[in-house]
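# Residue-level structural notes
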Amino acid sequence: MFSLENLKNDLETLGVKKGDTLLIRADLGSIGKLVTKKREDYINFMLEAVGEEGTIVGLSFTDGFFVIKNKNKIFDGTNKAYTGAFANTMLSHPKAFRSKHPTNSYVAIGKNAKYILENHDENCGAYEPIRKIVELEGKMILIGCVESSPGFTTTHLAEVDLGLHKRIIFPTLNGAYYKKGNEIKLFKRKDLGSCSSTFYKFYGHYVKNELLQQGYIGNAYSILIDAKKAFDLDLKILESNPKITICDNPNCMMCRARRWDNLKDMPMFLIRNVIPKIARKVLKK
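Residues numbered from 1 in each chain as written. Predicted model: local features only at pLDDT ≥ 70, side-chain atom pairs only at ≥ 80, totals over all residues. Heavy atoms only, no water.

## A look at the overall build of the protein chain
The secondary structure content of the protein chain amounts to 11 helices and 11 strands. Considered along the principal axes of its C-alpha atoms, the protein chain spans approximately 60 × 50 × 35 Å. The buried share of the protein chain, reckoned over its 285 residues, is 51%. In the protein chain, of all internal contacts separated by at least 6 residues, the share reaching a separation of at least 24 is 68%. Total accessible area computed for the protein chain in this model is approximately 14500 Å², and 52% of it derives from carbon and sulfur atoms. The centroid of the 44 positive side-chain charges in the protein chain is displaced by 10 Å from the centroid of its 31 negative side-chain charges. (Helix = DSSP H or I, 4+ residues; strand = E, 2+ residues; numbered from the N terminus. Buried < 20%, exposed > 50% of the residue type's maximum accessible area, 1.4 Å probe, protein only. Contact = heavy atoms within 4.5 Å. Areas by Shrake-Rupley, 256 points an atom, 1.4 Å probe, with all protein chains shown as cover. Lys, Arg positive; Asp, Glu negative; His and termini not counted. Charge placed at Lys NZ, Arg CZ, Asp CG, Glu CD.)

This is the structure we're talking about:
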């Protein structure tokens, strides 16, 4: 079992400093149990590490729809995030500030929380808070999810800046309903990111350029990177190889059926995944 001081020291050893703006993705279960046995203390040790002048940020993305519109899921700012226990623990913190983007909201606590998130709504790009973190010379950390949730969100922002998001076929098929005042409105995505399961391919580039710091937070293997340096390198990697974000999974819809630059894989994807479903429905009738 770990004390808050143990875990705070682990963060500092990895490279987190007082005053840092820190984008965090974490698998809380991999860290280990806390002496205090309080879930909120998984957030508190991080806040102690960055101090009163620092800020922690998490991804609090929420479910929307694909093709079939669903009014049973309406984003109103209170929705549970699908991005895991860490994001939802952050959301429950009394000092949490959440952005208003209907599908890709972020949650932040600390000095720069409002600055990073206050204008992030339906009129803003999904990854714009990452730009603020880059501007603030922030850092990004993966705690216990280096393999299961690979890479850094700067890669998605780099895709948008290079116009690579336009390679996604009909992005507005993805969207969500959201509440604004007393009205329920329809939001359609225009800046879908590519398949993030491919982001492990960027690790070798980060290591080669000596950008990664590695260590353990409790029992969780973790990596830390400077956000601006990661973003600058992501731009170079994607410029030289825009197809690096096409994965090897033959059943991945995003890579096999939703990219204009990979239409050659669409027929086989349809044969393997779509036609059998249609056939089953017809046979049932």
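## Side note on the environment of Phe-231
Within the secondary structure, Phe-231 sits in helix α9 (residues 227–240). Separated by 33 residues in sequence, Phe-231 and Thr-198 place their C-alpha atoms 16 Å apart. Those residues within four positions of Phe-231 in sequence are excluded, and the remaining contacts are Val-134, Thr-154, Leu-157, Ala-158 and Asp-161.

## A look at the packing of aromatic side chains
Applying the stated criterion to the full structure yields eight aromatic pairs. Within the aromatic cluster, the residues linked to one another by ring pairs are Phe-152, Phe-199, Phe-202 and Tyr-206. One Lys or Arg, Lys-132, reaches over the ring of Tyr-115 and ends 4.5 Å from the middle of that ring. (Phe/Tyr/Trp six-rings, centres within 6.5 Å; stacked < 30°, edge-to-face > 60°. Lys NZ or Arg CZ within 6 Å of the ring centre and 35° of its normal.)

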